[in-house]
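Chain by chain, the residues:
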Amino acid sequence: MQKEEFHVYDAQQLAETVLDSIQKTLQMGFTGEGANPDMLAIYYYREGEKPLELPAVGLSWPLDEPYQWAAAAEIQ
């Protein structure tokens, strides 16, 4: 059972929440005080330097662009 404060409605919303959370955690952890964490680009990829793909939601992200949920492409 999900806690209401963390409720997600589907796999796509869960994936977006997790990837965005990891991105923000890394940005906050690797930028110094007073720095803008959003200026630190985060790249996701799989072993073998393959693009990140999430077949359950039908999306992938390119290797040559920093992670942004909106940049996802449909898996062909």
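All residue numbers here refer to positions counted from 1 along the written sequence of the relevant chain. Local features in a predicted model are, by the rule used here, given only for residues with pLDDT of at least 70; side-chain atom pairs are given and counted only at 80 or more, and totals for whole chains, interfaces and linings are based on all residues. To obtain the side-chain values, all non-hydrogen atoms of the structure were included, while hydrogens and water were left out.

Caption draft 1: Representation of the overall build of the protein chain in the model. Counting from the N terminus, the helices are the DSSP runs of H or I reaching at least four residues and the strands are the DSSP runs of E reaching at least two. When you go through the protein chain residue by residue, the secondary structure sums to 1 helix and 4 strands. Order of helices (α) and strands (β) in the protein chain, N terminus to C terminus: α-β-β-β-β. By its C-alpha atoms, the protein chain is 35 × 35 × 20 Å across when sized along the principal axes. Accessible areas in this description were obtained via Shrake-Rupley with a 1.4 Å probe; residue shielding takes into account the shown protein chains only. As displayed, the protein chain offers around 6000 Å² of accessible surface, 54% of which is attributable to carbon and sulfur atoms. Distance between charge centroids for the protein chain: 6 Å, based on 4 positive and 13 negative side chains. Positive charges are assigned to Lys and Arg, negative charges to Asp and Glu, while His and the chain termini are left out of the count. Charged groups are reduced to one reference atom each: NZ for lysine, CZ for arginine, CG for aspartic acid, CD for glutamic acid.

Caption draft 2: Main features of the pattern of salt bridges. The working definition used for a salt bridge is a side-chain nitrogen of Lys or Arg within 4 Å of a carboxyl oxygen of Asp or Glu. Across all of its chains, the model carries 1 salt bridge by this definition. In this structure, the salt-bridge partner of Asp38 is Lys24, at a minimum N-O distance of 2.5 Å. Taken together, the residues span a long stretch of sequence, with Asp38 in the loop between α1 (11-30) and β1 (45-46) and Lys24 in helix α1 at a distance of 14 residues. Residue classification places Asp38 among the exposed positions, given a relative accessible area of 52%. For the exposure calls, accessible area comes from a 1.4 Å probe over protein chains only, and a residue counts as buried if that area is under 20% of its type's maximum, exposed if over 50%, partly exposed in between.

Caption draft 3: Representation of the packing of aromatic side chains in the model. Side-chain rings of Phe, Tyr and Trp, where Trp is taken by its six-membered ring, are said to pair if the distance between their centres is within 6.5 Å; with planes under 30 degrees apart they count as stacked, over 60 as edge-to-face, and otherwise as tilted. In this structure the tally under the stated criterion is 3 aromatic pairs. Relative to Tyr67, the ring of Tyr44 lies with its centre 4.9 Å away and its plane at 75°, an arrangement referred to as edge-to-face. One end of the pair, Tyr44, is in the loop between α1 and β1; the other, Tyr67, is in the loop between β3 (59-61) and β4 (73-74), and 23 residues separate them in sequence. Accessibility expressed as a relative area gives 14% for Tyr44, which makes it buried. For Tyr67, a relative accessible area of 4% translates into the label buried. Centroid distance Trp61 to Tyr67: 6.0 Å. Interplanar angle 50°. Geometry classified as tilted.

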